[in-house]
Amino acid sequence: MDMTNEEMEVFSRLYEEISSNTSVHIILQTYFESVSHYEKLVGIPVKGIGLDFVYGLEDNIEAIEQYGFPKDKILGVGIIDGRNIWRSNLRESHQLISRLSKHIPLQNQLLQPSSSLLHVPVSLAQETHLDPIVKDALAFGDEKLEELRLLRDVANDPSQTSLLTHHQETFEKLNQSNWRDKKETPSLPTKRTQTFSERYRVQNQKWDLPLLPTTTIGSFPQTKEVRRARFSWRKGEISNDTYETNIKSMIEKWIRIQEKLDIDVLVHGEFERNDMVEFFGEKLNGFAFSNNGWVQSYGSRCVKPPIIFGNVSLDHPMTLKETLYAQSLTDRPVKGMLTGPVTILNWSFVRNDIPHQEVAYQIAEALLKEVQSLEHAGITMIQVDEPALREGLPLKKEKHETYLHWAVEAFRMSTSDVAVTTQIHTHMCYSDFNQIIEAIKALDADVISIETSRSHAEIISAFESTVYDKGIGLGVYDIHSPRVPAVEEMTSVIERALSVLPAELFWVNPDCGLKTRGEHETVAALEIMVKAAKTVRNQLTKELIR
Ligand code: GLN
Ligand code: ZN
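Residues numbered from 1 in each chain as written. Chains lettered and ligands numbered in written order. Predicted model: local features only at pLDDT ≥ 70, side-chain atom pairs only at ≥ 80, totals over all residues. Heavy atoms only, no water.

For the zinc ion (ligand 2), the protein coordination sphere consists of His427 (NE2), Cys429 (SG) and Cys512 (SG), at 2.0 to 2.3 Å. Around the zinc ion (ligand 2), the 4 donor atoms are arranged such that angles at the metal cover 93 to 121 degrees; this shape is classified as tetrahedral. Here the donor residues of the zinc ion (ligand 2) share one chain and are spaced in sequence as H-x1-C-x82-C. Linking His427 in strand β12 (residues 423–428) with Cys512 in the loop between β15 (506–507) and α19 (519–545), this pair joins segments that are 85 residues apart in sequence. Here His427 and Cys512 have matching classes, each one buried. (Donors = N, O, S within 2.8 Å, 3.2 Å for Na, K, Ca; no water. Tetrahedral: all angles 85-135°; square planar, octahedral: opposite > 155°, others 65-115°. Helix = DSSP H or I, 4+ residues; strand = E, 2+ residues; numbered from the N terminus. Buried < 20%, exposed > 50% of the residue type's maximum accessible area, 1.4 Å probe, protein only.)

This paragraph deals with the sheet that holds strand β4 (residues 109–113). Taken together, the 4 strands give an open sheet; going across it, the order is β1-β2-β3-β4, and neighbouring strands pair in parallel fashion. Looking at strand neighbours, the two that pair on one side only are β1 (27–29) and β4, the edges of this open sheet. Taking the axes of each pair of neighbouring strands and ignoring which way they run, one obtains an average angle of 25 degrees across the sheet. Alignment of β1 against strand β2 (residues 48–52), held across 3 bridges, turns out to be parallel. Directly across from Leu28, in β2, lies its bridge partner Ile49. Contacts from helix α4 (residues 90–101) reach β3 (74–80) and β4 within the one sheet, and its direction differs from that of β3 by about 160 degrees. Contacting β3 and β4, helix α6 (residues 141–156) runs over the sheet at an angle of about 125 degrees to β3. (Pairing = 2+ DSSP bridges. Axes fitted to C-alpha atoms, helices over the stretch in contact; angles between N-to-C directions. Contact = heavy atoms within 4.5 Å.)

All right, on to the packing of aromatic side chains then. Applying the stated criterion across every chain yields a total of 10 aromatic pairs. Consider the rings of Tyr31 and Phe32, whose centres lie 4.9 Å apart with planes at 65 degrees: the pair is edge-to-face. By relative accessible area, Tyr31 is classed as partly exposed at 42%. What makes Phe32 partly exposed here is its relative accessible area of 24%. Between the aromatic rings of Phe220 and Trp254, the centroid separation amounts to 4.5 Å while the plane-to-plane angle is 15 degrees, which identifies the pairing as stacked. Linking Phe220 in the loop between α8 (196–207) and α9 (224–234) with Trp254 in helix α10 (residues 240–261), this pair joins segments that are 34 residues apart in sequence. (Phe/Tyr/Trp six-rings, centres within 6.5 Å; stacked < 30°, edge-to-face > 60°.)

Here is the structure:
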């Protein structure tokens, strides 16, 4: 990350200390970006320094060319991308090694991945379902180590350079395929035709919701029953019809539960979805899925990210059937529920032949199609989730603006070209939002729901110093625990929020989706949530009358 002079001072002292009382050779390893304060860093008395020549290529190499590299140190050359799954362009890597060799003798260069290989799946060997052209362009952990070996061999014996050309040809097939035909950046509106206050006024007239409307974030418990049905269907043990009937009965059950709880804006429950990115990836063109490409995401949790290998587009609606079925069962509004372009991008392995921003726009174009299908079919409250918006924020501050700009554009591209009466919701969680609050505003969503209670309502203080003037629901309870909170806990979050946000714009909802919870605790907690909303609503109405 960026480091101040003071921080660098402390950092140097720390490593001087670590190195001073040991005969062990220490390699100071950096990754994910270029280093700050290179000239100081190379003066630290360690045996070696590892730099990232994938994500920090330009700045790191310029620093070496400007300041040189100490003769007595080893350079860890992070040259194979440790975070992506594509084969490397080894001819370029080889040139880089030659360029570095002007400053650092070959025997002092330690070839390595740009970071730990924790971020990529283990091996391609077991992948039997991938298209051969796609598979040939991939390199998981084992294959990356092969690439390193090849680079080493060629660096030591230039007569073998043709091996690099051969390596290159295998992945060129994908670049030349129709999947990667050059595509214009979609030119779509990124601004709604009316201002938020004009929109909200007509939207309020349309739905006539009470003050502090209640809603949920989308998913309901993915019980054993739900998961077993999907598993059997995927294995072909139950027919499409049986599976569909099963999903429908789940939807109906939860529509009735929500009506009985007196929730104002309903959801269908997302029972047909395994994962909020995989579900969409399976229906969009340009995505592939590995059999075993698991990577660690958090602690002991693993995910199997989709692979975006080609141009993204959409042929058929993805969410219409379930949403329309849910809406047919009730007079209350049912929200359409989509995963946003930035989250789909950030939770996938993304092709690296075009900028990520282009891929985000392609996904946005496909999602807009879905938004418009929903809208034409009469679903006019549509939530586009962006929990991973913050996750893509670059490490260095100077790069924040560019990222946030295109990320916001992509979201707006997928949500702007709709009628004034169509209400766009979004949702965010898992992050420190204070840093990106301006970008959150710029999304221009009619309503946003944000995780709040898990972080002990810290975010509320952000609204003391910034004016948020669109619909907003700060989560009134943490969904990561089966505990059912007391009504006072929820009313206190609502009251605190209302000290900084206007009541006419405030919504009441849980922190996040409820798919990891059990049925019993979910119903119990939602019952309390509705009670809390009604309690505060009644107080406010009384004050208004007075
Ligand atoms: N709509 C999704 C759900 O309710 C949102 C999940 C998320 O924010 N991670 O599960
Ligand atoms: Zn969430």
